[in-house]
Amino acid sequence: MNVPLLDLQPQAALFRSEILQSMGEVIDSTRYILGSRVTQLEEAVADYCSVSSAVGVSSGTDALIVSLMSLGIGAGDLVLTTPYTFFATIGSIIRVGAMPVFADVDPHSLNIDSNRMKEVLEDDAQGERRIKAIIPVHLYGQCADMAKILPLAEEYGIPIIEDAAQAIGAECPVPDSDGTVQWHRAGSMGIAGCFSFFPSKNLGCMGDGGMVTSDDGDFADTLRCYRNHGARPKYYHAHIGGNFRLDPIQAAVLNIKLPHLADWHKQRRKNAVLYADLFHHAGLIDNPVILPTAVYEAEAKGTEHDFHVFNQFVIRVPEPDNRRDALRTFLQKNEIGCEVYYPLCLHQQECIAAHGYGYLSFPVAEQAAADSLALPIYPELNREQQEYVVETIARFYTS
Ligand SMILES: *Cc1c(COP(=O)(O)O)cnc(C)c1O
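Residues numbered from 1 in each chain as written. Predicted model: local features only at pLDDT ≥ 70, side-chain atom pairs only at ≥ 80, totals over all residues. Heavy atoms only, no water.

### Quick word on the sheet that holds strand β3 (residues 99-102)
Alright, step 1. The strand order across the open sheet formed by 3 strands is β3-β2-β4, and the pairing between neighbours is parallel. The open sheet has two free edges, formed respectively by β3 and β4 (131-135), since each of these has just one partner strand. Between one strand axis and the next, the sheet turns by 30 degrees as a mean value, whatever way the strands run.
Alright, step 2. Of the pairings in the sheet, the one linking strand β2 (residues 78-81) to β4 comprises 4 bridges and is parallel in character. Of the residues in β4, the one forming a bridge with L80 is I134.
Alright, step 3. Contacting β2, β3 and β4, helix α4 (residues 88-95) crosses the sheet at an angle of about 135 degrees to β3.
Alright, step 4. Contacts from helix α5 (residues 114-126) reach β2, β3 and β4 within the one sheet, and its direction differs from that of β4 by about 170 degrees. (Pairing = 2+ DSSP bridges. Helix = DSSP H or I, 4+ residues; strand = E, 2+ residues; numbered from the N terminus. Axes fitted to C-alpha atoms, helices over the stretch in contact; angles between N-to-C directions. Contact = heavy atoms within 4.5 Å.)

Take a look at the structure:
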């Protein structure tokens, strides 16, 4: 049986004629930059994320870059983030001239650890106060611990840019001033929420695309200005921005797909719960396979809130003899797609290590890089395929 890590074919087939129709309308309109389809998507995404504004941009990476630029972050500044994320999170920091500073991750969620964050912020506050933004990443589709991160950011007076590239629709509980828990959507908690519509994200287009959400109308205005070379009015440049505009052909695709996102999330969460059952019956849980903790919350909470939207379903196989790579090869030989997100932490990357980061150590993130493995979780995955994945893993451990 062939089980790809991700299969985009079912959605491509389902929407093919609708998308062709809408793309045809864009072609006939001859309006190829921004325009009504982009505006329509911006309004729908703002609504979906419960914020007042959304600004369509060219990618998730550019969403981060334009947000950092709009906050005036540049040379000499530091941005606090996680060492365990896709490279774009820090690539964008460095491209605006700033440098990242890392806090290790939490061993359960693999999101930034708020206790470690507090130590870094306290250090900075004792010194030059160079940290000008915090970028928590909602890794794999699960929100970072915003209940702790929001008050910390407030205490130190530092704005938050959420890297929500993997987490559109994810929610997290945050107690308000009288202690009642409110559920907040990814992208609605910081000054900016950055989304990616890269094809492998939960809401993917047919090329590159991204979005920045904000509940601050003035900030959204600044984002729009930077998205278009910092010009306002046209040909008068108050700032140096860039060409970060979302393509209307991609917006046409996304307008068609967005209404289905809630169903796809439901299906991904169902698949996660089924994996938990199957691993349990196979006697693999805890040793050798550790499941993402959020899977149990998904089970208990049903579908009331999309706590975790499972862009990735990442198991851990923490053995002394590091058989993760052997397991990966075994699954691939058995036609099961799987991947390591991510095999190297950011402080260890060649282009970063050279900047004096190479001697740093973030043991929790480094452990995750050694023992994490993402399994297929896409919405159209069927029960037989999931059974085959778990059977094959069981076979690996008994052979
Ligand atoms: C995908 C991703 C990005 C970048 O998005 P692109 O649209 O590919 O530029 C940034 N951060 C994280 C965490 C991502 O997963």
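Back to the write-up after that little detour.
### A few points about unusual backbone geometry
Alright, step 1. Following R232, the chain continues into P233 via a peptide bond in cis, with omega recorded as -10 degrees.
Alright, step 2. With respect to the helices and strands, P233 occurs in the loop between α7 (217-227) and α8 (248-257).
Alright, step 3. Unusually for a residue other than glycine, T30 sits at a positive phi of about 55 degrees.
Alright, step 4. Tracing the chain through its elements places T30 in the loop between α1 (9-29) and α2 (36-48).
Alright, step 5. The backbone of R129 sits at a positive phi, close to 55 degrees, despite the residue not being glycine.

### Topic: the domain arrangement of the chain
Bring the parts together and some accessible area is lost; that lost area is often taken as the interface size.
Alright, step 1. Parsing the chain into structural domains produces domain 1 (9-259) and domain 2 (260-398).
Alright, step 2. If you look at the interface, domain 1 gives 44 residues, while domain 2 gives 36 residues.
Alright, step 3. At the junction of domain 1 with domain 2, the criterion picks out 0 salt bridges.
Alright, step 4. Joining domain 1 to domain 2, the criterion identifies 24 residue pairs in polar contact (both at pLDDT 80 or more).
Alright, step 5. Looking at the side of domain 1 that touches domain 2, the elements that each hand over two or more residues are α1, α4, β3, β6 (171-175), β7 (181-185) and α8.
Alright, step 6. Classifying every residue of the side of domain 1 that touches domain 2 by side-chain character gives 28 nonpolar, 10 polar and 6 charged. (Domains from an automatic or database assignment. Salt bridge = Lys/Arg side-chain N within 4 Å of Asp/Glu carboxyl O. Polar contact = N/O pair within 3.5 Å; in protein donor to acceptor, adjacent residues only side chain to side chain. Nonpolar A, V, L, I, M, F, W, Y, C, P; charged D, E, K, R; others polar.)

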